[in-house]
Amino acid sequence: MADKSPGFFRRTLGGLWNLITWIRVTLLNVFFLVILIAVVAAIWPKDPLEVPNKTLLKVAPTGVLVDQYTHIDPFAKVIDSQDSEPAETLVKDLIEAITFAAEDDRIEGLVLELDSLVGGGISKLEEIGEALTVFKESGKPIYAQGSNLTQQQYYLASYADEVNLNPLGSVLITGFSTYRNYYKDAIDNLKISMHVFRTGDYKDAMEPFIRNSMSDASREHNQRWLNQLWSVYTGQIEQLRDLPEGSINDYIATMDAKLKELNGNAAKLALDAGLVDSLIAPKQWRSELADTYGANNDGSYKSFDYLDYLSIERSLEFPEPDTIALIVARGTIKSGYQPAGQIGDKSFLELLDQVKQDPTVKALVVRIDSGGGGVYASENIRQGLMEIREKGIPIVVSMGTVAASGGYWIATPANEIWATPTTITGSIGVFGAFVTLEDSLKHLGINTDGIGTSELAGAIRADRALSPMAQSLLQQGINHMYQQFIELVAQARDTTPEAIDQIAQGRVWSGQSALELGLVDELGNLEQAIASAAELAEIETYTVETIEQELSPFEQFVSQVSQSHVAGLIQSSLESQQVGLPPALIQHYKALAEPLNFAQSLTDPRGVYALCFECVQPQ
């Protein structure tokens, strides 16, 4: 019997299946080809960069200024198509590049393009400003350009010899503030019982969960350091721009009236106030620089990117036999292993092991940028640092933007503590919190009952109310931990626990106040702290080696690919339509997510924290 030929329906399905198979194989082959190109591009030798003569150094920081990059999965960097610019800029890179350029005859000037800078706090801006001052003292000009300068962008711009603003732009200086959401009514409406245990009237990390507004004590001590930082900000700008004292506050206070006189022309307002020197469209401004310094192939002014410049200069340095180790402690202090951008006690101790095992290390500098975290993780790190000091290796702490609460706890083993005048520090205090849901569950018709052999048996459960005995025990534990904290500080600062208690109880201080109170030894930047460490170690020449978590070989390779232009091919091959949100809306949602982010930071095994949640640089 002759075979029947497939019917129309089977032929149609078969054809569709073959088409799908062809598309699948083709897409996989295309993706494989892109990956192969990426591999070849990553390992292919590149033409060496050369710094041209008579060029401008272009400094265009993007995102947030940080002391350490936040860890991002390298493969995620490759496939992420949302951000074309880096989300973070290393302060150390900016300072080194500017410092090198000050003594480089090939660099004739420096250009600050600041539109993509998000911020990072006045403390970091001060350190960069000091490098810019050194550059100006070399006799070379600095030019700054912006479209709509925020107050953090403008702080850097004020160091320039000439500040240009887009004629349609503005300089938006509004003053410093620190606002938080308060959730007591919401918690009450959800019938959640929030039990907070703390020491000191000023330890206000948990206030948003037990109040609907800021307490008088919180308002008092936060207003003090906020005013001090604002005074530094306004005073520095008025000095750099040769403005009368009080000019910045007057600019803010009369902004609405003067804008009305100028028919809303914010750029003219900034020019009249002496905040900028010219109002020229960016394209024309770049063209004028090109007329003075020459043009690149794209017609813009002749310039060299600071990161490319820095990579060349670093490659020319020869290592010295003696080393000063630098460890960055940035983020919330937590237990276990944590990626860069968070401080895990086990991760940190592994870095300290590297220091102990390296015979060339003569001193250790710890750069702290942390509002603290878990008490037990903080103590583990402190003990690890004490072991370093007991080996005869001097330790110098350099406080960055924030080094408060647990961040101060881990600073106590240092031979010297350095801070900037605008560092936020102190907040010496501890707290604990426990949530129970007995009323929420009862409202849903869920009840809890049972028996135990004592009053404490089953007392600490989320579905039962805390008994008076349980609350007393938890508070006594917090009191004991606070006593341990002030005794550690007293021993480190060569004073008494009673004296420390008078300036502790959760109070937050500026770096300037901390110096006056004896909580820090010196005011200065990271480079000065490193130089001090060299003096303590009695060495004159040295190499500074940053000790950080190492990437696996695969992560290193993928990271190289992500930094190459080939990453764009991979992005294009995976890209899908995405809806971008305006930055202001993103910031709004971040504020709404604050309690969730706070809850994620509470990971201490016994629920005891030395954490300053309000210790963030004001906006």
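Residues numbered from 1 in each chain as written. Predicted model: local features only at pLDDT ≥ 70, side-chain atom pairs only at ≥ 80, totals over all residues. Heavy atoms only, no water.

Some words on the confidence of the model for the protein chain
No. 1: Per-residue pLDDT for the protein chain averages 87, and the proportion of residues at 70 or more is 83%.
No. 2: Of all helices and strands in the protein chain, the one with the weakest mean pLDDT is helix α23 (residues 567-574) (44), whereas strand β17 (residues 416-419) scores best (98).
No. 3: Low confidence marks residues 564-589, where pLDDT is under 50. Its contacts with residues over four positions away, or in another chain, come to 27 contacts. (pLDDT = per-residue confidence, 0-100. Helix = DSSP H or I, 4+ residues; strand = E, 2+ residues; numbered from the N terminus. Contact = heavy atoms within 4.5 Å.)

Notes on the sheet that holds strand β1 (residues 55-59)
No. 1: On the basis of which strands lie adjacent, the open sheet formed by six strands has the order β9-β7-β6-β4-β1-β10 and parallel pairing. In this open sheet, the two strands that pair with only one neighbour each are β9 (278-279) and β10 (303-305).
No. 2: Pairing analysis gives five bridges linking β1 to strand β4 (residues 107-113), with the strands arranged parallel. When the bridges of β4 are listed, Val-59 appears paired with Leu-112.
No. 3: Running over the sheet, helix α4 (residues 122-137) touches β4 and β6 (142-150) and is turned about 145° from β4. (Pairing = 2+ DSSP bridges. Axes fitted to C-alpha atoms, helices over the stretch in contact; angles between N-to-C directions.)

Description of helix α8 (residues 216-240)
No. 1: Look at α8: 36 Å from first C-alpha to last across 25 residues, which is about the 36 Å you get at 1.5 Å a residue.
No. 2: Considering only its buried residues, α8 is in contact with α4, α5 (151-157), α7 (207-210), α9 (247-253), β18 (424-426) and β20 (508-510).
No. 3: Asp-242 lies just past α8 and shows a positive phi near 55°. (Expected span 1.5 Å × (residues − 1).)

Digging into the packing of helix α14 (residues 345-357) against helix α15 (residues 375-390)
No. 1: At their nearest, the axes of α14 and α15 sit 9 Å apart, and the two run at 5° to each other. The angle between α14 and α15 places the two elements in the roughly parallel class. The residues of α15 that touch α14, namely those facing Asp-345, Phe-348, Leu-349, Leu-352, Val-355 and Lys-356, are Ala-377, Asn-380, Ile-381, Gly-384, Leu-385, Glu-387 and Ile-388.
No. 2: In terms of residue class, the contact of α14 with α15 is made up of eight nonpolar, two polar and three charged. (Parallel < 35°, antiparallel > 145°, perpendicular 65-115°, else oblique. Nonpolar A, V, L, I, M, F, W, Y, C, P; charged D, E, K, R; others polar.)

Focus on the pairing of strand β2 (residues 63-66)
No. 1: Where β2 and strand β5 (residues 117-119) come together, two bridges link them in parallel fashion. Each bridged residue has a counterpart across the sheet, and for Val-64 the counterpart in β5 is Gly-119.
No. 2: Summarising the sheet, β2 and strand β3 (residues 88-90) pair through three bridges and their orientation is parallel. Residue pairing in the sheet places Val-64 in a bridge with Glu-88 of β3.

Quick look at the packing of aromatic side chains
What characterises a pair of aromatic rings is the spacing of the ring centres plus the angle enclosed by the ring planes.
No. 1: Counting across every chain of the model gives 10 aromatic pairs.
No. 2: Note on Trp-230 and Tyr-233: the rings are 5.1 Å apart at their centroids and 15° apart in plane angle, and the pair reads as stacked. Here Tyr-233 and Trp-230 lie together in helix α8, a separation of three residues that amounts to about one turn.
No. 3: Under the relative-accessibility criterion, Tyr-233 is labelled buried at 1%. (Phe/Tyr/Trp six-rings, centres within 6.5 Å; stacked < 30°, edge-to-face > 60°. Buried < 20%, exposed > 50% of the residue type's maximum accessible area, 1.4 Å probe, protein only.)

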